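# Notes for the structure review
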Amino acid sequence: MSTPLPLQPTESAAAVSADARRRLWEIGCNVALSLLFLRFAAQQWEAAWETLRLSNVLLFAKVSTDVLFYLIRRLPKGVSLSPYDWCVGILGTFAIVLFQPEASGRDLALGQGLQLVGIALQVAAMLSLNRSIGMVAANRGVQTRGLYRFVRHPLYLSYIIAFLGYVVNHPSDWNLGVYAAAVALWILRLLAEERFLLRDPEYRAYCERVRYRLAPGLF
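Rules of the game
- Residues numbered from 1 in each chain as written.
- Predicted model: local features only at pLDDT ≥ 70, side-chain atom pairs only at ≥ 80, totals over all residues.
- Heavy atoms only, no water.
- Helix = DSSP H or I, 4+ residues; strand = E, 2+ residues; numbered from the N terminus.
- Polar contact = N/O pair within 3.5 Å; in protein donor to acceptor, adjacent residues only side chain to side chain.
- Contact = heavy atoms within 4.5 Å.
- Core = buried A, V, L, I, M, F, W, Y, C linked by side-chain atoms within 4.5 Å.
- Buried < 20%, exposed > 50% of the residue type's maximum accessible area, 1.4 Å probe, protein only.
- Arc of directions from axis to C-beta.
- Phe/Tyr/Trp six-rings, centres within 6.5 Å; stacked < 30°, edge-to-face > 60°.
- Patch = residues over 30% accessible without salt bridge, like charges linked within 9 Å, V, L, I, M, F, W, Y side chains within 5 Å.
- Areas by Shrake-Rupley, 256 points an atom, 1.4 Å probe, with all protein chains shown as cover.
- Salt bridge = Lys/Arg side-chain N within 4 Å of Asp/Glu carboxyl O.
- 1 Å grid on protein atoms, 1.4 Å probe; cavity = no way out; pocket = protein on both sides within 12 Å on 5 of 7 lines; lining within 4 Å.
- Points joined across faces, edges and corners; volume = space filled by probe spheres on them.
- Nonpolar A, V, L, I, M, F, W, Y, C, P; charged D, E, K, R; others polar.

### Concerning the side chain of Arg152
- With respect to the secondary-structure elements, Arg152 resides in the loop between β2 (138-139) and α5 (154-169).
- Polar side-chain contacts of Arg152 include one of 2.8 Å to the backbone oxygen of Val210.
- Of the polar contacts made by the side chain of Arg152, one reaches the backbone oxygen of Arg211; its length is 2.9 Å.
- Residues in contact with Arg152, not counting those within four places in the same chain, are Glu194, Tyr203, Tyr206, Cys207, Val210, Arg211, Tyr212 and Arg213.

Right, here's the structure in full:
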């Protein structure tokens, strides 16, 4: 009687194992990111309680929305392995926690209006993404509905508007520097995402239909 050969791991088993590792990594990143954002949100809530300024409440609401969507985001089909993409992705995500509330001064209607518009755009963009939000360039499926019918990166547009409103209400050299750096990182981040996604024929076709990245007629 011949001795049976030892079982060899199949490709499907290896794929399941890799998928499990990716899922654990995603969950770990989601939890770490959410904890840091929650800490920042708590600081804004404390500032709002002390100063009774709506701008801090609005930033608290914005960051809390980020936490919610990061906790429920879906697993990507593929993630960029480029160190550059990871660098701009991580820095662009965490840059916002460097904003500091100003105890003195008062809120302006312009700043509050920009924050409200930014938050509204953020919620609309995240609902359009359907849990496909990410930190590093990845393919979570090509999204073409909602705000993504008009521009390719409405979520970054919402960040630019919302945090501009916060800086208007909390002007300081520090906050202006953080905002300038954050905007630069967001633009680098969206360009990195596009380089990765352009490998997908579906995304290339989407780019042909929707020409502008952030604002129709501008960029």
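### A look at the nonpolar core
- With 36 residues, the main nonpolar core has Ile96, Phe99, Phe163 and Trp186 as its most contacted residues.
- Counting residues per element, the ones that place at least two in this core are α1 (11-51), α2 (54-71), α4 (109-129), α5, α6 (173-197) and α7 (201-209).
- For this core, the element with the most residues is α6, which contributes eight residues.
- Phe99 has contacts with Phe40, Gln44, Phe163, Tyr166, Val167, Asn175, Val178 and Tyr179, leaving out every residue within four places of it along the chain.

### Some words on α7
- Listed as buried for α7 are Tyr203, Tyr206 and Cys207. Down the axis of α7, the smallest arc covering the buried residues is 100°, so these residues share one side. Those residues of α7 that are exposed and aimed more than 90 degrees away from the buried face are Pro201, Glu208 and Arg209.
- Those residues of α7 hidden inside the fold are in contact with α6.
- The backbone nitrogen of Glu202 has a side-chain oxygen 2.9 Å away, supplied by the residue at the start of α7, namely Asp200.

### Some points on the packing of aromatic side chains
- Per the stated rule, a full pass over the model turns up six aromatic pairs.
- Ring geometry for Phe99 against Phe163: centres 5.0 Å apart, planes inclined by 5°, an arrangement best described as stacked. Pair noted here: Phe99 is in the loop between α3 (83-94) and α4 and Phe163 is in helix α5, with a separation of 64 residues, a long-range link. Comparing Phe99 with Phe163 shows no difference in burial state: the two are buried.
- For the pair Phe163 and Trp186, a centre-to-centre distance of 5.9 Å together with 35° between the ring planes defines the contact as tilted. Here the residue Phe163 occupies a position in helix α5, and Trp186 occupies one in helix α6, the gap between them amounting to 23 residues.
- The exposure class assigned to Phe163 is buried, which follows from its relative accessible area of 0%.
- Judged by its relative accessible area of 1%, Trp186 falls in the buried class.

### Points about a nonpolar patch on the surface
- Residues Val31, Leu35 and Leu38 make up a contiguous nonpolar surface patch of roughly 270 Å² in combined accessible area.
- When you line up the elements, Leu38 lands in helix α1.

### A word on empty space enclosed by the protein
- By the definition in use, this model includes two cavities of 30 Å³ or more.
- Each pocket or cavity is described by its volume, and for the second largest cavity that value is around 70 Å³.
- Forming the walls of the second largest cavity are eleven residues, and the residues nearest its centre are Phe37, Asp66, Thr93, Ile96 and Tyr159.
- Every element with two or more residues in the lining of the second largest cavity is listed here: α2, α3, α5 and α6.
- Ranked by residue count, the leading element in the lining of the second largest cavity is α2, at three residues.
- In the lining of the second largest cavity, the residues fall into six nonpolar, two polar and three charged.

### Here we look at the pattern of salt bridges
- On inspection of all chains with the given rule, the structure shows five salt bridges.
- Among the salt bridges present, the one from Arg195 reaches Asp85, with a minimum N-O distance of 4.0 Å. Remark: Asp85 occurs in helix α3 and Arg195 occurs in helix α6; sequence separation between them is 110 residues.
- Accessibility expressed as a relative area gives 48% for Arg195, which makes it partly exposed.
- When its relative accessible area of 8% is taken as the criterion, Asp85 is described as buried.
- Across the salt bridge formed by Glu194 and Arg213, the nearest N and O atoms sit 2.9 Å from each other. With a gap of 19 residues between them, Glu194 in helix α6 and Arg213 in the segment after α7 connect regions that are remote in the sequence.

That is the geometry; function is a separate question.
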